[in-house]
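Chain by chain, the residues run as shown.
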Amino acid sequence: MTVEEDLVPDVGAVPVEALRVFGRTAPDATREEITAHLREAARAVRRRDIKMVRAAGLGHIGGEFSVIDILVTLYLHAMNVAPDRLDDPDRDRFILSKGHAAAALYTTLATAGFLPPEQLGTFMQPLSPLNGHPARTKIEAVEASTGPLGHGLPIAVGTAFAGKLDGSGRRTFVVVGDGELQEGSNWEALMTAGNHRLEHLCVVVDRNRLQQGAKVSDTNDLEPLADKLAAFGLEVVEVDGHDHGALVDAFAAVPAASGRPTAVIAHTHKGHPISFMSDNVAWHHKVPSEGQVDQALAELENS
Amino acid sequence: MTTLATSTLHDCRDAYVAELVQLAENDERIVAVVNDSVGSSKLAPFQEKFPDRLINVGIAEQDMVGVAAGLANGGKVPFVSAASCFLTARAMEQIKVDAAYSRHHMVLVGQSPGMAYGELGPTHHSIEDLAWLRAIPGLTIVVPADPEETAQAIRWAAQHDGPVFIRVSRMGVPAVNPNDYEFVAGKAVTLREGQDIAVVATGTVVSRALEAAELLAARGISARVLSMPTIKPLDEQALHAAATQTKGIVTVEEALTSGLGGAVAEYLAQHVPAPMRFVGVPDQFAPTGSVSWLLDHFGINAEGIAHAAADLLGV
Ligand SMILES: Cc1ncc(C[n+]2csc(CCOP(=O)(O)OP(=O)(O)O)c2C)c(N)n1
Ligand SMILES: [Mg+2]
């Protein structure tokens, strides 16, 4: 992957506070150690994310906080990818199709060592590689440019298809929003994935039941979602999307023994676990006040 | 600072929704069709008054425009209201076939076009819409410059028996048209007389063209300012006059220069060849930045326009 170097601003110009880089879970870690590591990392990512959104005055904090546990579990534990192996053709691929949660991805990438943490201070600033939606021309670890909903899953089907053609065991993980699933392109891609039995593909649905302006069920309902995905030929698993242990197990089961692509319906809450944001549609892209940041940080300490 | 730069700025979505609600009160055929875009289109007042006449298909733009065409077939007058980037890029074939080729009376309202979404990046910018859409036969393209023009264009589109695309921006703009202004589809508006050069601008950046004319006046250059609220069909008469009565034309738009600029150039090249300069977004994806930062970055401001005019005149 090539990065447009000329777009990278002087990161030293923007003061940022330190972010702890967690790195991956240890290979010999016990289950308790793994979940504790992921829980601690997710808390750090949320802390950093809310401060970034506050500083930029822009972001999609609701959908960021609903997806962070999924991102952290993938990058710090489940996926076979490392910062020094981004050109390895057999690396696992990740695509954030709900690109509006970019701040959560950037923060997770920094926490996992894929981005210099000081670069987070340039989020949304003129010429920064960290704009409102992830771009593969600007950040090496970003596999697909997203933002318009309904692009990531077809691209993921393509990366999984390429892996199959190469006889590679590499896996592709893609996270889609539940509102995003209203886009027909997803169902076209799911049909392709099911018919071609792309077993190394894992579609994670961030099932927070809200979209931009209302509940998904009050807009254009998806249910029965699990039945629909199964009917398209996917192996469907439903988990609590904030339970790191459950996510670890779901991702470890890819590829499924059935030889079908996997769909993980991750039941989440927008704004989780902040009391005044959780399940509240108003927080799709609201920017917290100084006081709300303080309250959220305090709640995170006790979460 | 010119008077325009210090005057009140308006979000044209307010004028759009106020007009649409008023029209809908008197015309039961009017419906709104959206893609989870009630908030971003500021359509809450419409939704409150006419909950049954607001059709939210969810995040599904191709469906949205196709459904609107079907509603038009059923005698409704649909106002499709969605972020311009997704409405045009995602549903282009539906716009071409279901709206234009089918000659349906439907109004496509492209919200927050140009670079209004600033830092959200090129995926959310709609700078291609004018170039893309003007390639479609029979589609009227309107780019209002201020709230009054927005309201009048919406009113006109509600009774025009054909497909119309209207850009409605969230970026704050001052009122630029005279008090007794009347929008006429396909007609340019002379906002300032001048003999040395003509600045032909559209939409959100018309006020910047007026500011540029002030800068040029200070240098002894007399600039005519033409506002082009309709990109298609073009006001060829006004362009003909501008090309023959001045030394050249500068086009100004919050879009790729193949939008208004391309349309004007095609007309002039065939009928009255004249020197031109193009102010707009060049052939590249924008870097990260706010809309005001990006407009300055690309020289789509008073200084950039004045510079282009001086360059054309060789002064
Ligand atoms: C094609 C397209 N249409 C509309 C939008 C505007 N938009 C951004 S986020 C969003 C809601 C997404 O809801 P969901 O997929 O459920 O995401 P989450 O709840 O996780 O934030 C919408 C409509 C978009 N980004 N892309
Ligand atoms: Mg959702």
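Criteria and thresholds
Residues numbered from 1 in each chain as written. Chains lettered and ligands numbered in written order. Predicted model: local features only at pLDDT ≥ 70, side-chain atom pairs only at ≥ 80, totals over all residues. Helix = DSSP H or I, 4+ residues; strand = E, 2+ residues; numbered from the N terminus. Rg over C-alpha atoms; globule rule 2.2 N^0.38 Å. Buried ≥ 20, exposed ≤ 12 C-beta atoms within 10 Å, placed from the backbone. Contact = placed C-beta atoms within 7 Å. Core = buried A, V, L, I, M, F, W, Y, C linked by C-beta atoms within 7 Å. Domains from an automatic or database assignment. Nonpolar A, V, L, I, M, F, W, Y, C, P; charged D, E, K, R; others polar. Near = placed C-beta within 6 Å. Pairing = 2+ DSSP bridges. Axes fitted to C-alpha atoms, helices over the stretch in contact; angles between N-to-C directions.

(A) Spotlight on the overall build of chain B. From N to C terminus, chain B includes 13 helices and 12 strands. Taking 20 Å as the expected radius of gyration for a compact globule of 315 residues, we find that chain B reaches 19 Å, a close match to that expectation. Based on the C-alpha atoms only, the size of chain B along its principal axes is roughly 60 × 40 × 35 Å. With 315 residues in all, chain B has 61% of them scored as buried.

(B) Spatial organisation of the overall build of chain A. Looking only at helices and strands, chain A has nine helices and five strands in total. In chain A, the succession of α and β elements from N to C terminus is α-α-β-α-α-β-α-β-α-α-β-α-β-α. The globule rule puts the C-alpha radius of gyration for 303 residues at 19 Å, and the 18 Å found for chain A is close to it. Structurally, chain A occupies a C-alpha span of about 50 × 45 × 40 Å along its principal axes. Relative to its 303 residues, chain A shows a buried fraction of 57%. Restricting to contacts in chain A with at least 6 residues of sequence separation, those with at least 24 account for 78%.

(C) Molecular detail of the nonpolar core. Among the nonpolar cores identified, the biggest contains 115 residues, and B:Val80, B:Leu108, B:Ile166, B:Val199, B:Ala209, B:Ile305 and B:Ala309 are the most heavily contacted of them. Residues lining this core come from more than one domain, with at least three contributed by each of domain 1 (9-168) and domain 2 (189-313) of chain B. When near neighbours in sequence (up to four residues on either side) are disregarded, B:Ile166 contacts B:Val107, B:Val109, B:Gly110, B:Val142, B:Pro144, B:Ala153, B:Ile154 and B:Ala157. A:Ile70, A:Ala104, A:Ala250 and A:Val264 belong to the second-largest nonpolar core, a separate cluster that totals 89 residues.

(D) The arrangement of the domain arrangement of chain B in detail. Residues and elements named next belong to chain B. For chain B, the domain assignment lists domain 1 (9-168) and domain 2 (189-313). Averaged C-alpha coordinates put domain 1 and domain 2 at centres separated by 26 Å. Taken together, the contact between domain 1 and domain 2 spans 24 residues of the former and 27 residues of the latter. Within the residue set of the side of domain 1 that touches domain 2, elements represented by two or more residues are α7 (129-133), β5 (140-142) and α8 (147-159). Here the residues of the side of domain 1 that touches domain 2 sort into 13 nonpolar, five polar and six charged.

(E) Inspection of the interface of chain B and chain A at higher detail. Taken residue by residue, the interface counts 21 residues in chain B and 24 residues in chain A. Elements with a contribution of two residues or more to the side of chain B that touches chain A: α4 (61-73) and α5 (84-90) of chain B.

(F) Structural context of the site of ligand 1. Taken together, 26 residues surround ligand 1, and among them A:Gly63, A:Gly177, A:Gly179, A:Glu180 and A:Gln211 come closest. Each of chains A and B places residues next to ligand 1. Elements represented by at least two residues in the shell around ligand 1 include exactly α2 (61-78) of chain A together with α5 of chain B. Looking at the shell around ligand 1, its residues break down into five nonpolar, 13 polar and eight charged.

(G) Fine view of the sheet that holds strand β1 (residues 30-34) of chain B. Residue and element names in this part refer to chain B. Strand order in the open sheet formed by seven strands is β2-β1-β3-β4-β6-β5-β10, with mixed pairing between adjacent strands. Strand pairing shows two members of the sheet lacking a second neighbour, β2 (54-56) and β10 (230-232), which therefore form its edges. Within the sheet, the average angular offset between the axes of one strand and its neighbour, ignoring direction, is 20 degrees. Taken together, the three bridges between β1 and β2 define a ladder with parallel strand orientation.

(H) Representation of the sheet that holds strand β3 (residues 201-207) of chain A. All names here are of chain A. In spatial order, the strands read β1-β2-β3-β5-β4; together these five strands make up an open sheet with parallel pairing. If you trace the sheet from one side to the other, it starts and ends with β1 (93-96) and β4 (235-240), each paired once. Within this sheet the neighbouring strands show an average axis-to-axis angle of 20 degrees, counted without direction. Here four bridges tie β1 to strand β2 (residues 172-177), and the two strands are oriented parallel to one another. Bridge pairing in β2 links leucine 96 to valine 175. Docked against the sheet, helix α8 (residues 244-252) engages β3, β4 and β5 (262-267), running at close to 165 degrees with respect to β4.

(I) Geometry of unusual backbone geometry. Residue and element names in this part refer to chain A. Here the residue pair glutamate 223 and proline 224 is connected by a cis peptide bond, since its omega of 0 degrees sits within 30 degrees of zero. Tracing the backbone shows proline 224 in the loop between α6 (216-219) and α7 (225-231). Cis rather than trans, the peptide bond between histidine 272 and proline 273 has omega equal to 0 degrees. The phi torsion at arginine 209 lies on the positive side, around 65 degrees, for a residue other than glycine.

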